[in-house]
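Take a look at the letters that make up each chain.
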Amino acid sequence: MYRLMGDLYRPFLTDEHLESMFQFIVVLGNKPIGFLSLGKSNCIQTALSPDHLGQGFGDETIQALLQWYPLDSIGWTTSKSNVPSLSLLLRLGGGVTSTQERGEKILGRCWPGRAAPAEARDKLISIIEKAQPGYKKWVKEYESRKEEAKALRDYLKDLTLS
């Protein structure tokens, strides 16, 4: 199941996470809704289906990981435009430790129970603010495609072949 979900999110993942030391499926009831991997140097990557964003599952997933595997710090790799991931890092008290000069990736870190250095936290806040308009556009387009897909499913469900 992890491999299947990893393939879905492959454009956003590093090879390290596809071969990470720990791979978890995030399940709600009996339905997989995302995944989390813990790679070398305690770096995580997590992804949730868009239908489950903004409901606290990311926070809950990280807290469950920390109960199972206590870490002094968590490394974070994400896209500069991934507002949900960046916001989760901010809620966990993290900050940006470096950015790629070319490209979209940022590296962040959080220290459970401690706040990130002010400069790292301020940099993260700035990146989130710059990413908000693009992310809002993506959400609007996603909602439109979701409605189109539902209409097509409804049409096909009612279609009878003769």
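Small disclaimer: the values here were computed from a predicted structure and weren't measured. Throughout, a residue's number is its position along its own chain's written sequence, starting from 1. Confidence filtering applies because this is a predicted model: local features only for residues at pLDDT of at least 70, side-chain atom pairs given and counted only at 80 or more, and all residues used for totals across whole chains, interfaces and linings. No hydrogens and no water enter the side-chain calculation; it runs on all heavy atoms of the structure.

Caption draft 1: How the structure looks around helix H3 (residues 57-68). The terminal C-alpha atoms of H3 lie 16 Å apart, and with twelve residues this matches the ideal 16 Å at 1.5 Å per residue to within 8%. Within H3 the residues assigned to the buried category are Phe57, Gly58, Thr61, Ile62, Leu65 and Leu66. Lining the buried residues of H3 we find strand S1 (22-28), strand S2 (31-38), strand S3 (43-48), strand S4 (74-79) and helix H4 (83-91). Put simply, DSSP H or I for four residues or longer makes a helix, DSSP E for two residues or longer makes a strand, and each gets a number counted from the N terminus. By this rule the span expected of a helix is its residue count minus one, scaled by 1.5 Å. Whether a residue is buried, partly exposed or exposed follows from its accessible area with a 1.4 Å probe, protein chains only, as a fraction of its type maximum: under 20%, in between, or over 50%, in that order. By definition in these notes, contact holds between two residues if any of their heavy atoms fall within 4.5 Å.

Caption draft 2: Layout of the layout of surface pockets. Think of a 1 Å grid over the protein atoms and nothing else: a 1.4 Å probe that fits but is trapped marks a cavity, an open set flanked by protein within 12 Å on at least five of seven lines marks a pocket, and residues with an atom within 4 Å of a point count as lining. Grid points are joined across faces, edges and corners, and a volume is the space filled by probe spheres set on the points. Here the second largest pocket defines a volume of roughly 210 Å³. Along the walls of the second largest pocket sit Phe24, Ile25, Val26, Val27, Leu36, Phe57, Glu60, Thr61, Ala64, Leu65 and Trp68, which together make up its complete lining. Looking at the lining of the second largest pocket, the elements that each hand over two or more residues are S1 and H3. The dominant element in the lining of the second largest pocket, judged by the number of residues it contributes, is H3, at six residues. Its residues assigned to classes, the lining of the second largest pocket shows nine nonpolar, one polar and one charged. Here the nonpolar group is Ala, Val, Leu, Ile, Met, Phe, Trp, Tyr, Cys and Pro; Asp, Glu, Lys and Arg are the charged ones; every other residue, Gly included, is treated as polar.

Caption draft 3: View of the pattern of salt bridges. Salt bridge, as applied in this entry: a Lys or Arg side-chain nitrogen positioned within 4 Å of an Asp or Glu carboxyl oxygen. Evaluated as defined, the whole model comprises one salt bridge. In this structure, the salt-bridge partner of aspartate 59 is arginine 91, at a minimum N-O distance of 2.8 Å. With a gap of 32 residues between them, aspartate 59 in helix H3 and arginine 91 in helix H4 connect regions that are remote in the sequence.

Caption draft 4: Here's a closer look at the confidence of the model for the protein chain. For the protein chain, mean pLDDT is 80; residues scoring 70 or higher make up 78% of the total. Looking at any residue, its pLDDT shows the predictor's confidence there, from 0 to 100. Looking at the elements of the protein chain, mean pLDDT is at its lowest for helix H1 (residues 2-8), recorded as 52, and at its highest for H4, recorded as 90.

Caption draft 5: Seen up close, the packing of aromatic side chains. Each aromatic pair joins two rings of Phe, Tyr and Trp (for Trp, the six-membered one) with centres within 6.5 Å, and gets the label stacked for planes under 30 degrees apart, edge-to-face for over 60, and tilted for any other angle. Scanning the model with the defined rule gives two aromatic pairs in all. Taking the centre distance of 5.3 Å and the plane angle of 80° together, the rings of phenylalanine 24 and tryptophan 68 count as edge-to-face. Pair noted here: phenylalanine 24 is in strand S1 and tryptophan 68 is in helix H3, with a separation of 44 residues, a long-range link.

Caption draft 6: Geometry of the environment of asparagine 42. With respect to the helices, strands and loops of the structure, asparagine 42 is situated in the loop between S2 and S3. Given the relative accessible area of 23%, asparagine 42 is considered partly exposed. Through-space distance from the C-alpha of asparagine 42 to that of tryptophan 76 is 8.7 Å; in sequence the pair is 34 residues apart.

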